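Architecture at a glance
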Amino acid sequence: MLKKLLFTLFLLSTQILLVVYLLGAAPLIIKTDKINTPVISKNSNYTGLLIPLDSRPPCKEFTQNLAKIAGINLTVPPKYLLDDYQTPAQSNALRQWLYNSIASSPDFAILSTDMLMHGGLIASRDVHSLEGREQTFIELLEILKSKSPNTSLAAFTIIPRLLISENDDTKTWQYHMMQYAILKDKVNTFENPLDFQELQKIQLRLPEKLVNKYNNIYLTNDSFNKNLFKAIQNDLVQKIIVGQDDGEAFGLPNTNRHKAELYLEHLNSNQKTNAYTTRGADEIAQLFIAQYTNEIYSTSPKIYIQYSDAQTKNKIMPYMPSSVDETAREKIKIIKGNVVNDKNTADFILFIHCGDQKNSDFFSLTKISQNLNELLASNKNIALVDLSENFEAQETLLDSLIKNNVPLSKLIAYAGWNTTSNSIGTAVSQASIFTTRKKHLPVSEHLQLYYLNSNFTLSRIIEDWGYLKIILPQTNKNLKLFGIDNYKLNSNKHYTESLIQNKVQFLANNLLYQNFSRYPFYQLENTCFFFNSVKTTVNLPWDRTFEINLKLETTISKTNNSNAKK
């Protein structure tokens, strides 16, 4: 009991640090009238099903929220059928749920092959062989197509990450296995004798059983990718994305991606298909929602890419096998957007910042913030990707934006979570959906659209910047001091959850007080609409602190004062 009391006092005391970090300029007080939260009109008959990659919020809740912005009624399986960290999903029951649900003939169904075959992303990393699961999935596609012939089926599969899954048998060898995989790819690519000699040395040190298991994971994945492309050729599925989980510039995952690209190239030489490869995993279902939205409205968004400095374009960020620019263009292609060279003709600007020790000084960040502020002042639609090479808040742009009074509520998207691919995929999807819907909805429904979109943007700022870069490092450090493993919370989960909830609410209030509620998120003539309050609900979806499930309840106000801050 004493230990818990001390732990509580210690963690709550870190809120003082948050006050120092967060408090900036005094808020501009505007007299406003509270109004009811906009009721989202059911103006769309479009429906979809989602079998997510796993049960984490980026794979499920993010996709659901973007579907709401898109006006799509998206149905997901009940939580008890899905995975829970290292416990795989109930695959058989999940397939039965899918079979029953598709009977309503939704417009589309987005299917994670890893969830349906293995029970989720983590379970898919530790597969010896497909053991008939590959054929079972192809048969499932045939059944679904027969059950609902008018439903567009979209499937995505993930090439396993470079780092082998950690358990008692592998944790000693993780680094050596990674070096083995990198060297093997280099040998296959360059045929350098020195690389070959080094590969042989490493292989002799590794357990043969572990090497065979690791190689087999990629052999079975390659086999499945090939058969999945055959399925689109046979019209069993209409859309395919082969994603690549966390990687480096070299490694066996890259070998599999290159093979998938060759299969796709051969396939497209005979018939044009809706199939892609991409670096990333968690954001793929979101990309599908954006692509379907653009197809619904027969549009192709025009996107201008702007980097915060000259070096960002060609950077290769952590856990990425490709440059930032290559990753951005890849995501834009998938949603069926077009990169344009004139920002004045663009539907939105994809503004990408990748902070590191070289460009994170006060003067550099201030200059970038002023540039972004000028774009917002000229009424440009800005989707901000705010990354950090070392995953630290001081390398991000957000803190500087607040200190320089840049109106965050005018951003149409914000993302800065795990990897470059994840963040760009989310920001591109949100901005594309928002700008497409804005063009086609009547003005009478714009307030609802802006409210939904701004709510999602606010949640991304609170989580991607506030939680992941400020609260999470503090929490993990404090847990460690008390001998608690932040990846195995066990009986400490509920307690840790409560403390995180308090910190997130505190941060959200300060963010609103300093910036978000100072500027309108929507304006119609002289009437401005502001966020008035925010209530956060936080829980840990898995038995670890790495991610949170964040829900916001916000209230809004309006003013008819033409002199309000614009």
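Rules used in this analysis
Residues numbered from 1 in each chain as written. Predicted model: local features only at pLDDT ≥ 70, side-chain atom pairs only at ≥ 80, totals over all residues. Heavy atoms only, no water. Pairing = 2+ DSSP bridges. Helix = DSSP H or I, 4+ residues; strand = E, 2+ residues; numbered from the N terminus. Axes fitted to C-alpha atoms, helices over the stretch in contact; angles between N-to-C directions. Contact = heavy atoms within 4.5 Å. Core = buried A, V, L, I, M, F, W, Y, C linked by side-chain atoms within 4.5 Å. Buried < 20%, exposed > 50% of the residue type's maximum accessible area, 1.4 Å probe, protein only. Parallel < 35°, antiparallel > 145°, perpendicular 65-115°, else oblique. Left-handed = near helix turned anticlockwise from the far one by under 90°. Nonpolar A, V, L, I, M, F, W, Y, C, P; charged D, E, K, R; others polar.

1. A closer look at the sheet that holds strand β3 (residues 73-75)
An order of β3-β2-β4-β5-β6-β7 is seen for the six strands of this open sheet, with the pairing classed as parallel. On the outer flanks of this sheet lie β3 and β7 (275-279), each paired with one strand and no other. Sheet twist, expressed as the average angle between the axes of neighbouring strands with direction ignored, equals 20 degrees. Alignment of strand β6 (residues 239-244) against β7, held across five bridges, turns out to be parallel. Each residue of the ladder has a partner; that of G243, found in β7, is T278.

2. Looking at the environment of N256
By the element assignment, N256 lies in helix α11 (residues 252-270). Separated by 14 residues in the primary sequence, N256 and V242 have C-alpha atoms spaced 9.9 Å apart. Leave out the neighbours within four places in its chain, and N256 touches I159, Y218, N221 and D222.

3. Digging into the nonpolar core
Among the nonpolar cores identified, the biggest contains 112 residues, and I110, L350 and I352 are the most heavily contacted of them. No other element matches the 16 residues that helix α17 (residues 446-481) contributes to this core. The next biggest cluster of nonpolar side chains, apart from the first, holds 52 residues, and it includes L98, L162, L199 and L236.

4. Re the packing of helix α13 (residues 324-334) against helix α16 (residues 420-440)
Closest axis-to-axis distance for the α13/α16 pair is 9 Å, and the angle between their directions is 40 degrees. Taken together, α13 and α16 sit at an angle that is classed as oblique. As for how α13 packs across α16, the hand of that crossing is right-handed. Touching V324, T327, A328, K331 and I332 of α13 are T420, S421, I424, G425 and V428, all from α16. Residues of the contact of α13 with α16, tallied by class, amount to five nonpolar, four polar and one charged.

5. Considering the side chain of N476
Considering the arrangement of structural elements, one finds N476 in helix α17. Discounting residues that sit within four places of it in the chain, N476 has contacts with N486 and T545.

6. Thoughts on the sheet that holds strand β13 (residues 522-524)
The strand order β1-β15-β14-β13 describes an open sheet built from four strands, whose pairing is antiparallel. Strands with a single pairing partner mark the edges of an open sheet, and in this sheet they are β1 (33-35) and β13. Sheet twist, expressed as the mean angle between neighbouring strand axes with direction ignored, is 30 degrees. As paired strands, β13 and strand β14 (residues 527-539) are joined by three bridges and run antiparallel to one another. Looking at the pairing, L524 lines up with T527 of β14. Contacts from α17 reach β13, β14 and β15 (549-559), with the element oriented near 130 degrees to β15. Its contacts with the sheet put helix α18 (residues 493-514) on β14 and β15, and the angle it makes with β14 is roughly 170 degrees.

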